[in-house]
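Summary of the model geometry
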Amino acid sequence: MPYLIVAVVLVGVLCLLNLLLTVGVIRRLRKQAASAASLPPMEEGLAIGEKIPEFAATTTSGEPISDELIEGAALIGFFSPSCQPCRELMPRFIDHARRTPGAVLAVVVTDSDKEAIADVERLAEVARVVVEAPHAAIQSAFRVTGYPTVFEIGADGRVTDNDPVLPATVSA
């Protein structure tokens, strides 16, 4: 009988300790959630109506490209060779780029130039193509955080559509 009493007391103490630790974890999670809610939301690309930011790069054909060289309406797409949604979107982007009267710029984001060869060849038919490393100049200027991302630029140099996946006019 004394062993049974000791076992019941021990189980009770362990349950009480478990309850106290659980309450502590819940308090910490609530505190972290409250501090995360007070952070400003992360920007996801240029907003509609924003002007094209300043940028400069060299295309795969050696041509300089910058915000000053993109005049009038334009279509700008950001793709990554390792991204499955990019592979699915690219044919529609290329088709829309063929019908776009303005400039078309495609940015292929990769650490490996070998990885980008197939995408560069496909995009070069319809666009000026820039290959750059992740978080490089053009992506930072356009505040791109995911791929694929497509921007349509109006004749006034302002973003008219910024759907991170595909502007409405491309999917139509």
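Scoring rules and cut-offs
Residues numbered from 1 in each chain as written. Predicted model: local features only at pLDDT ≥ 70, side-chain atom pairs only at ≥ 80, totals over all residues. Heavy atoms only, no water. Helix = DSSP H or I, 4+ residues; strand = E, 2+ residues; numbered from the N terminus. Buried < 20%, exposed > 50% of the residue type's maximum accessible area, 1.4 Å probe, protein only. Contact = heavy atoms within 4.5 Å. Areas by Shrake-Rupley, 256 points an atom, 1.4 Å probe, with all protein chains shown as cover. UniProt positions renumbered as here; feature names shortened; annotations may be inferred. Arc of directions from axis to C-beta. pLDDT = per-residue confidence, 0-100. Salt bridge = Lys/Arg side-chain N within 4 Å of Asp/Glu carboxyl O.

Per an unreviewed UniProt entry, the protein goes by the name TlpA family protein disulfide reductase and belongs to Nonomuraea helvata.

A short note on the overall build of the protein
Summing up its helical and strand segments, the protein has five helices and seven strands in all. Overall, the protein shows an N-to-C arrangement of helices and strands of α-β-β-β-α-β-α-β-α-β-β-α. Across the 172 residues in the protein, those meeting the buried criterion constitute 37%. When contacts within the protein are restricted to residue pairs at least 6 apart in sequence, long-range pairs at least 24 apart make up 62% of them. In the structure as shown, the protein presents an accessible area of about 10,600 Å², 61% of it carried by carbon and sulfur atoms.

Re the UniProt feature "transmembrane region" (unreviewed entry) in the protein
According to UniProt, the "transmembrane region" (unreviewed entry) feature falls on residues 6-26. Annotation note: span residues 6-26, helix share 100%, strand share 0%, distance between end C-alpha atoms 30 Å.

Focus on helix α3 (residues 113-124)
Residues of α3 that are buried include every one of A116, D119, V120 and L123, and no others. Projected down its long axis, α3 carries its buried residues within an arc of 110°, all on one side. Exposed side chains of α3 directed beyond 90 degrees from the buried face belong to K114 and E121.

Overview of the confidence of the model for the protein
Looking at the protein as a whole, its pLDDT mean stands at 84, while 88% of the residues score no less than 70. The least confident element of the protein, judged by mean pLDDT, is helix α5 (residues 168-171) at 43; the most confident is strand β5 (residues 128-132) at 93. The low-confidence segment residues 167-172, where pLDDT is below 50, has 14 contacts with residues more than four positions distant or belonging to other chains.

Details of the pattern of salt bridges
This structure, assessed with the given rule, holds four salt bridges. For R128, the salt bridge identified is with E63, shortest N-O distance 3.7 Å. With a gap of 65 residues between them, R128 in strand β5 and E63 in the loop between β1 (56-58) and β2 (64-66) connect regions that are remote in the sequence. Taking the relative accessible area as the measure of exposure, R128 reaches 26% and is therefore partly exposed.

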